[in-house]
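Notes for the structure review
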2 protein chains.
Amino acid sequence: MTAVLVVDDDPHLLRALRITLQAHGYDVTTAADGHSALLAATQHPLALVILDLGLPDLDGTSVIRELRTWSRVPVLVLSARHGSEDKVEALDAGADDYITKPFGLDELLARLRALLRRSADPDQEPVVTTDAFTVDLEKHRVTRDGQDIRLTPTEWKMLEVLVRNPEKLVTQQQLLSEVWGPAYAKETNYLRVYMAQLRRKLEPETAAPRHLITEAGIGYRFLP
Amino acid sequence: MTAVLVVDDDPHLLRALRITLQAHGYDVTTAADGHSALLAATQHPLALVILDLGLPDLDGTSVIRELRTWSRVPVLVLSARHGSEDKVEALDAGADDYITKPFGLDELLARLRALLRRSADPDQEPVVTTDAFTVDLEKHRVTRDGQDIRLTPTEWKMLEVLVRNPEKLVTQQQLLSEVWGPAYAKETNYLRVYMAQLRRKLEPETAAPRHLITEAGIGYRFLP
DNA sequence: GCTGATCTTGACGAATCCTTGACGCCTGTT
DNA sequence: AACAGGCGTCAAGGATTCGTCAAGATCAGC
């Protein structure tokens, strides 16, 4: 369960947030002032902190700064103050987001999801996986059975265009123009040669490809 | 240098943002519509994308969704629309932050800093080890069999760029521009000479390197 | 101004990659 | 049944890129 700490000195708002967040499946703890917030943050691991800036005991940005000395937990700031100095100060103190009251609950929840999404699994890369091979577009890498597959520059470019358009049909002209340049729109030979090359390197059964599909007369298609 | 892509169809705003961001030390590229934005994002690695939702060709959230199929780059959305449905839709499509026009430049810059701070690789180990040698990025030191290896300044810079991007392909242009400067993008001779130098000093079998890998026609890659 | 280290430059085989054309298969058409 | 067009396959050559070396240019420290 995702643990969220809500810090606010307004009991009504605190209660409303608690109920809403719990209804959306979050595990909520609350605090009404800066000191107990910092204390609560040390008690058990948190996935996120929602922090009101107007606390009775401590300046809100001090809380963030204190927290940041030992934690990287995402902090979403609530504040009644619209001034941009306040926002800049809080964000530079270490906050990750800042919304002003009054705010929509659906917006709060969406921002919360965005923060959690980013902090979740930092080394989860955008890799496209099939049952036969995986393509890591960021690292520029193709693996199959855990082993690196070596692709030539042209092979890679072609695979890249297809993988960036999953399930979509990529026309021959589109492929030729993106890989070889707009002037090569009629060299469909290239496509046949390189598609065969890719299939030989990537498809378990070269003769019956399941991921690099030919659409006769039109183009090709990548299926994850 | 931090690379930022700004996408907006308003030339004035585009220009203003470009100037402001450049004045704050960012490396700015721009795009005026969704297709060229997606294309630009494939060209060279980006640290952040600032995206206007009101584009002439594509729906803004479609751009985010498309981008998210292969990239985790932080996206900050600009929009003239204050409605919370728009915000929720964009954030759930994969955006990381959302601010409405008109906005203060200092707030934009603060949110940008917050996003970059969070996406900065936190667990970049200062010491990278392979079975043949060890690189200490903090102490600026390379050891092999317990002994210090002397590297010239250029050798070190090149090794550093590669080691900071483990397993990732670093293009020739990227290497040349980070080590010698952007003007040297065609002096691929340098790369060959210095890569040979590094391999001679670091690889047990210079002829069959296992950590400093060549990707013919594209660049090089460091494998731990 | 000298010396040693470092960087640049050019040249050369070796390795890799791209292009090209030929051939056979399959499919749908005449 | 014959045919034509599109596709997959293969291999040879030609073109590009890579690794290597060494000589000259440049720089830093003394």
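You'll find the structure just up there.
Treat the numbers as computed from the prediction; the structure is a model and nothing was measured. Numbering of residues starts from 1 in each chain and follows the order in which that chain's sequence is written. To label them, take the chains in the order written and letter them from A, then take the ligands in the order written and number them from 1. The model is predicted, so local features are restricted to residues of pLDDT at least 70 and side-chain atom pairs to those at 80 or more, both for listing and for counting; the totals for chains, interfaces and linings are taken over all residues. Computation of side-chain values: all heavy atoms of the structure, hydrogens and water removed.

Concerning the interface of chain B and chain A
Applied cut-off: The contact rule is simple, with two residues in contact once any of their heavy atoms fall within 4.5 Å. The buried area of a pairing is the accessible area, by a 1.4 Å probe, that goes missing from both parts when the two are put together, added over both. Every case where a carboxyl oxygen of Asp or Glu lies within 4 Å of a side-chain nitrogen of Lys or Arg is listed as a salt bridge. Side-chain atoms alone can form a polar contact between residues adjacent in sequence; in general such a contact is a pair of N or O atoms within 3.5 Å, and within protein one must be able to donate a hydrogen while the other accepts it. Numbered from the N terminus, helices here are DSSP runs of H or I no shorter than four residues, and strands are runs of E no shorter than two.
Counting from both sides, the interface comprises 41 residues of chain B and, opposite them, 40 residues of chain A. Taken together, the two surfaces of chain B and chain A that pack against each other cover about 3,700 Å², and 43% of this comes from carbon and sulfur. Of all residues in chain B, W70, R72 and R118 of chain B bury the most surface against chain A, accounting for 23% of the area lost on that side. Across the pair E167 of chain B and K139 of chain A runs a salt bridge whose closest N-O atoms are separated by 3.9 Å. For the pair chain B and chain A, the number of links is 25 residue pairs in polar contact (both at pLDDT 80 or more). Elements that contribute at least two residues to the side of chain B that touches chain A include exactly helix 3 (60-68), helix 4 (84-93), strand 5 (97-100), helix 5 (105-119) and strand 11 (212-215) of chain B.

Let's talk about the sheet that holds strand 12 (residues 219-222) of chain A
Strand pairing in a sheet takes place through backbone hydrogen bonds and is either antiparallel or parallel in direction. All names here are of chain A. The following threshold applies: Any two strands between which DSSP finds at least two bridges are classified as paired. Angles run from 0 to 180 degrees between N-to-C directions of axes, and those axes are lines fitted to C-alpha atoms, restricted for helices to the stretch in contact.
On the basis of which strands lie adjacent, the open sheet formed by 3 strands has the order 10-12-11 and antiparallel pairing. The sheet terminates laterally at strand 10 (169-171) and strand 11 (212-215), the two strands that pair on one side only. Between one strand and the next, the sheet's axes are offset by a mean angle of 30°, whatever the strand orientation. Pairing of strand 10 with strand 12 involves 3 bridges; the strand directions are antiparallel. Paired with L169 across the two strands is R221, which belongs to strand 12. Across the face of the sheet, helix 7 (residues 172-179) comes into contact with strand 10 and strand 12 while running at roughly 70° to strand 10. This element, helix 8 (residues 188-202), spans strand 11 and strand 12 of the sheet and lies at about 150° to strand 11.

Quick word on the protein's contact with DNA strand C
For clarity, the cut-off: Definition of nearness: a residue and a molecule or strand are near each other if at least one heavy atom of the residue lies within 4 Å of the molecule or strand. Only Asp, Glu, Lys and Arg are considered charged in this grouping, and only Ala, Val, Leu, Ile, Met, Phe, Trp, Tyr, Cys and Pro are considered nonpolar; every other residue, Gly among them, is considered polar.
Inspection of the region around DNA strand C gives 17 residues, with T154 and Y190 of chain A together with T152, T154 and Y190 of chain B positioned closest. In DNA strand C, atoms within 4 Å of the protein come from the sugar-phosphate backbone in 81% of cases. Y190 of chain A is positioned with one of its side-chain polar atoms (N or O) 2.7 Å from a phosphate oxygen of DNA strand C. Here a phosphate oxygen of DNA strand C sits 2.4 Å away from a polar atom, N or O, in the side chain of T154 of chain B. If you list the elements that add at least two residues to the surface near DNA strand C, you get helix 6 (153-163) and helix 8 of chain A together with helix 6 (153-163) and helix 8 (188-202) of chain B. Residue composition of the surface near DNA strand C, by class: 11 nonpolar, 5 polar and 1 charged.

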